[in-house]
Amino acid sequence: MKNRVYINQLREHIGNTVIIAGWVSVRRDQGKMVFFDIRDMTGTVQTVVLTKSPALESAKQTSRESAVAITGIVNKRPEKNVMAGVQNGDIEVSVEKIEILGASDAPPFEIIEDTSMISEEVRLTYRYLDLRSERMQRNIRSRSEFVRLCREYLFNAMFTEIETPLLTESTPEGSRDFVVPSRLHPGSFYALPQSPQQYKQLLMVAGMERYFQIARAVRDEDLRADRGFEHSQIDIEMSFVEQEDVMALVETMIIEVAEKMGKVLKQKPFPRFTYAEAMEKFGADKFDLRDDEEKSKGILAFAWVHRFPFFEKTDGGDWTFTHNPFSMPLSEHIDDVLAGKNTENILTAQYDLVCNGHETGGGSIRSHRPDILRAVYKTMGYDDARIEQSVGHMLEAFRYGAPPHGGIAIGIERMLMTVMGENYLREVQAFPMTRGGQTAVMKAPKPLSDKQLSELGLEIKKKTK
RNA sequence: GCGGGCGUAGCUCAAUUGGUUAGUAGCGCGUCCCUGUCACGGACGAGGUUGCGGGUUCGAGUCCCGUCGCUCGCGCCA
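Residues numbered from 1 in each chain as written. Chains lettered and ligands numbered in written order. Predicted model: local features only at pLDDT ≥ 70, side-chain atom pairs only at ≥ 80, totals over all residues. Heavy atoms only, no water.

**Some thoughts on the overall build of chain A**
- Along the backbone of chain A there are 13 helices and 17 strands.
- Across its three principal directions, the C-alpha atoms of chain A cover 90 × 60 × 40 Å.
- Within chain A, the proportion of its 465 residues that are buried is 46%.
- Taking the intrachain contacts of chain A between residues at least 6 apart in sequence as the baseline, contacts between residues at least 24 apart amount to 64%.
- Surface accessibility of chain A: about 24300 Å² in total, with carbon and sulfur atoms responsible for 51%. (Helix = DSSP H or I, 4+ residues; strand = E, 2+ residues; numbered from the N terminus. Buried < 20%, exposed > 50% of the residue type's maximum accessible area, 1.4 Å probe, protein only. Contact = heavy atoms within 4.5 Å. Areas by Shrake-Rupley, 256 points an atom, 1.4 Å probe, with all protein chains shown as cover.)

Pasting the structure below:
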């Protein structure tokens, strides 16, 4: 649209005829004159259709939430009509022409500043309307801002952004995979990544040295307020580093990004707790360090937790990893891992970033030595054949000059929830799912046609009770 | 998989221990009135298979059973 003026720029055009475009937030029809509050992505302004305006007829037909283009003169308001403390409270647009670009039916719910009182079922069905609300606009735009600032920081720190595959291999360890049937290989399946973990480590072997990615991660586990099937992470991996290097880089980045977003941090550098200290002090490995006043002010209280146990016993009595099998044991425990002894006391070079009671990030220094990685899997009861099958490709890669490396993943939703003071992950996602796993607006999942099933070599077994 | 909460008008909610034809309800919507409103105001009006199915009862929005959906937590989530 030529010559369109954004609403937050109108002040520079007082006395001029301009075109604004946006949506009708509020309509106040007084018979002989009509007021509209017009909203675009930069703000809101009052427009007035005066009695003598040629637009009066079309004003009568302009419904709330319609998309419109308005031509009019930007005027200073008469002194008695100035609204103090409101954006553009001292100016208004005197309408000469209204063009209805997209008429709106009456919306199914009120698009007020904060729609959190509306039932989530309705909000998700009409997510494109819910997202028009001031709070959701703020959340989604802040998310973009957070990602942009992280990107800028990382590019300045010599990182390379690299995409890793979406269709990858299923791993039986860890969480349940979302799988994708293969048409070319009937009966075989890809899995969607739970994390780019193995690819980013291979990128370290590949000499990229400093990698990051805004990575989508997918897990087929039951949902929670702070956990969905899909989430995004700032995924980072670095070569020739120790734990202190990764933590320092991430801490500097988070402080810079948070402060650029206008947030206040309770403490910096971030306090550190060993896992044992955290469990003793807070009874959990994630905790909220703020007092009530700090909570009300939206202050962010970051902390690190480190020195986690590497292994824990399963119900079956076997050893399994607590966080990440690719993690390095702390150096003083490497000999024990290689010898397969003292398993219950082995600690890992794992570090979690905690903020306001949420785990917002986690990473580790990885085993780049094949003997250590192999020993970890031995501890977990894997025989040589099973090790080969699970991580043979990693052991092979590590035989070709693997640099010491480590990294972290910062959960974007968890981080944004804490930054924006939201309690639900869905409030910082544009199109989240319901807890039952149904997508917003479109109603996936749905059955496939017989043709699609047959192409994939799949048969649906009828569920029996 | 388990446990808790919820489901009444487009939205938000009422409806006594089970008792007439569901409530002058607020917002929204429709028609009309209104030249300075800003969540404009005023008058009138429309709008309901109480999620769905069954049961108990003379009588069910209300009690019971089942089921579906939403949600919070536990399990699970490297």
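There is more to say, and it comes next.
**Notes on the packing of aromatic side chains**
- Across all of its chains, the model carries 11 aromatic pairs by this definition.
- With 4.9 Å between their ring centres and 20° between their planes, F270 and F302 make a pair best called stacked. With F270 in the loop between helix 6 (243–260) and strand 11 (272–274) and F302 in strand 12 (residues 302–309), this residue pair connects regions lying 32 residues apart in the sequence.
- Note on F302: relative accessible area 2%, which makes it buried.
- Aromatic pair Y377 and Y382: ring centres 5.0 Å apart, planes at 85°, arrangement edge-to-face. Judged on exposure class, the residue Y377 and its partner Y382 are both buried.
- By way of ring pairs, the aromatic residues F273, F282 and F287 are connected into one cluster.
- Over the ring of Y382 we find R386, and its NZ or CZ is 3.8 Å from the ring centre. (Phe/Tyr/Trp six-rings, centres within 6.5 Å; stacked < 30°, edge-to-face > 60°. Lys NZ or Arg CZ within 6 Å of the ring centre and 35° of its normal.)

**Quick notes on the pattern of salt bridges**
- Evaluated as defined, the whole model comprises 38 salt bridges.
- Measuring nitrogen to oxygen at the nearest pair gives 2.8 Å for the salt bridge that ties R132 to E65. On the criterion of sequence distance, the pair formed by R132 in the loop between helix 3 (127–130) and helix 4 (134–156) and E65 in the loop between helix 1 (56–60) and strand 4 (67–76) is long-range, its members being 67 residues apart.
- When its relative accessible area of 3% is taken as the criterion, E65 is described as buried.
- Residues D226 and R414 are paired through a salt bridge, measuring 3.8 Å at the closest nitrogen-oxygen approach. A residue pair is termed long-range when its members are at least 10 positions apart, and D226 in the loop between strand 9 (210–218) and strand 10 (230–239) and R414 in helix 12 (residues 412–420) qualify at 188 residues. (Salt bridge = Lys/Arg side-chain N within 4 Å of Asp/Glu carboxyl O.)

**Re the protein's contact with RNA strand B**
- Among the 47 residues in the neighbourhood of RNA strand B, the closest are listed as V26, E92, T322, H323 and R435.
- A breakdown of the atoms of RNA strand B within 4 Å of the protein gives sugar and phosphate a share of 52%.
- In this structure, a phosphate oxygen belonging to RNA strand B sits 2.6 Å away from a side-chain N or O atom of R28.
- At 3.2 Å, a backbone N or O of A225 approaches a phosphate oxygen of RNA strand B.
- Listed by contribution, the elements that provide at least two residues to the surface near RNA strand B are strand 1 (17–29) and helix 2 (120–125).
- The dominant element in the surface near RNA strand B, judged by the number of residues it contributes, is strand 1, at four residues.
- Class assignment of the residues belonging to the surface near RNA strand B gives a composition of 14 nonpolar, 15 polar and 18 charged. (Near = heavy atom within 4 Å. Polar contact = N/O pair within 3.5 Å; in protein donor to acceptor, adjacent residues only side chain to side chain. Nonpolar A, V, L, I, M, F, W, Y, C, P; charged D, E, K, R; others polar.)

**Here's the deal with the pairing of strand 15 (residues 347–355)**
- The buried count for strand 15 comes to nine of nine residues, which makes it a mostly enclosed element.
- By the bridge criterion, seven bridges tie strand 12 to strand 15 in an arrangement that is antiparallel. Pairing of V305 across the sheet is with D352, part of strand 15.
- Examined bridge by bridge, strand 15 and strand 16 (residues 358–365) share six bridges and lie antiparallel to one another. When the sheet's bridge partners are listed, C355 is paired in strand 16 with H358. (Pairing = 2+ DSSP bridges.)

**What to know about the confidence of the model for chain A**
- Put simply, chain A has an average pLDDT of 94, and 99% of its residues get 70 or more.
- Our summary of model confidence lists the complex with pTM equal to 0.95 and ipTM equal to 0.92. (pLDDT = per-residue confidence, 0-100.)

**Topic: the nonpolar core**
- Membership of the largest hydrophobic core comes to 46 residues, with the highest contact counts inside it found for F146, L154, I236, V250, M253, F302 and L353.
- Elements with a contribution of two residues or more to this core: helix 4, strand 10, helix 6, strand 12, strand 15, strand 17 (405–411) and helix 12.
- Sort the elements by how many residues they give to this core and helix 6 lands first, with nine residues.
- Non-local contacts of F146, meaning those with residues more than four positions away in its chain, are made with I234, V257, M261, I412, M415 and L416.
- Of all hydrophobic cores here, the second largest spans 21 residues; its members include I7, F36, V68 and V74. (Core = buried A, V, L, I, M, F, W, Y, C linked by side-chain atoms within 4.5 Å.)

**Considering the sheet that holds strand 5 (residues 91–102)**
- Taken together, five strands build a closed barrel; the order of strands is 1-2-3-5-4 and the barrel is mixed. Here the average twist between neighbouring strands, direction ignored, is 55°. (Axes fitted to C-alpha atoms, helices over the stretch in contact; angles between N-to-C directions.)

**Description of helix 11 (residues 384–397)**
- Spanning 14 residues, helix 11 covers only 17 Å between terminal C-alpha atoms, well under the ideal 20 Å at 1.5 Å per step.
- For helix 11, the complete set of buried residues consists of I387, S390, V391, G392, M394, L395 and A397.
- Buried residues along helix 11 sit against helix 5 (197–205) and helix 10 (370–379). (Expected span 1.5 Å × (residues − 1).)

**Re the state of the cysteines**
- Scanning the entire structure with this criterion turns up zero disulfides.
- The structure places no disulfide on C150, whose sulfur is separated from the nearest cysteine sulfur, that of C355, by 13 Å.
- Judged by its relative accessible area of 0%, C355 is buried. (Disulfide = S-S within 2.5 Å.)

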